[in-house]
Amino acid sequence: MVCLGNICRSPIAEGILRHKLQEQNIEGVETDSAGTSSYHIGEAPDSRMRQTAIANGVNIDDLQARQFVSSDYDEFDLIYAMDSSNYNNMITLARNKEDKSKVKLILNEVNAGANNAVPDPYYGGDEGFQHVFDLLDVATDIIIEKYVKG
Ligand code: 4NP
């Protein structure tokens with residue numbers, strides 16, 4: 001799960017997915033998240049995102065921001081961008097066609113081909129964080145059905 005800062009959207013995407021996998025006793029799926037920027041390396045998720053997580057029964061307090069690196073293409077099969085800017089940044093770091101084929105826009109799992117963005121909540125109000133949670137709640141259900149159980 002990849003966004004810009006790895007403190008709002010991608011950690012909650014990781015947290016929701018991890019939570020659902022645990023809840024459904026699904027083992028053997030590794031989850032992780034990263035940011036395309038270096039802005040917040042080493043930081044915990046944004047306190048507003050952590051609060052929204054807790055309010056929805058998910059805990060992401062243990063997560064720590066890191067930057068996406070090319071070697072992530074060796075570690076992961078599916079790499080989800082939260083918006084097209086993150087998508088393009090990762091495509092720039094891809095070394096070959098196989099790397100590029102791993103990168104997807106996460107909301108295209110919900111509305112194929114629509115190229116919708118998970119909006120960046122960082123500079124907005126608290127309601128933006130719940131909206132992000134709701135979008136990723138739907139997307140992660142689909143990902144589990146399609147790639148984990150499918
Ligand atoms: P994220 O949100 O990409 O969802 O983690 C942001 C966090 C920080 C900044 C931008 C977006 N920033 O510019 O510092």
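Residues numbered from 1 in each chain as written. Predicted model: local features only at pLDDT ≥ 70, side-chain atom pairs only at ≥ 80, totals over all residues. Heavy atoms only, no water.

> Is there a simple way to explain helix α6 (residues 127-148) in this structure?
Three- or four-residue spacings in an α-helix give side chains the same orientation, since the helix completes a turn every 3.6 residues. Here α6 spans 30 Å end to end across 22 residues, near enough to the 32 Å set by a 1.5 Å rise per residue. Every buried residue of α6 is accounted for by Phe129, Val132, Phe133, Leu136, Ala139, Thr140, Ile143 and Ile144. Seen along its axis, α6 keeps its buried residues to an arc of 145°; they face one direction. Tucked inside the fold, the buried residues of α6 contact α1 (9-23), α2 (47-55) and β3 (79-81). (Helix = DSSP H or I, 4+ residues; strand = E, 2+ residues; numbered from the N terminus. Expected span 1.5 Å × (residues − 1). Buried < 20%, exposed > 50% of the residue type's maximum accessible area, 1.4 Å probe, protein only. Arc of directions from axis to C-beta. Contact = heavy atoms within 4.5 Å.)

> Before we go on, may I ask you to explain the packing of aromatic side chains in this structure?
Taken as a whole and assessed by the stated rule, the structure comprises two aromatic pairs. Relative to tyrosine 73, the ring of phenylalanine 68 lies with its centre 5.3 Å away and its plane at 85°, an arrangement referred to as edge-to-face. For the pair formed by phenylalanine 68 and tyrosine 73, the shared burial category is buried. Centre to centre, the rings of tyrosine 122 and tyrosine 123 are 4.8 Å apart; their planes meet at 80°, and the pair counts as edge-to-face. (Phe/Tyr/Trp six-rings, centres within 6.5 Å; stacked < 30°, edge-to-face > 60°.)

> Before we go on, may I ask you to explain the packing of α2 against α6 in this structure?
Two elements in contact, α2 and α6, have axes separated by 9 Å at closest approach and are oriented at 55°. When the axis of α2 is compared with that of α6, the two are oblique. In the crossing of α2 with α6, the sense of the turn from one axis to the other is right-handed. Residues Arg48, Met49, Thr52 and Ala53 of α2 touch α6, and the partners they reach there are Phe129, Gln130 and Phe133. Residue classes in the contact of α2 with α6 are distributed as four nonpolar, two polar and one charged. (Axes fitted to C-alpha atoms, helices over the stretch in contact; angles between N-to-C directions. Parallel < 35°, antiparallel > 145°, perpendicular 65-115°, else oblique. Left-handed = near helix turned anticlockwise from the far one by under 90°. Nonpolar A, V, L, I, M, F, W, Y, C, P; charged D, E, K, R; others polar.)

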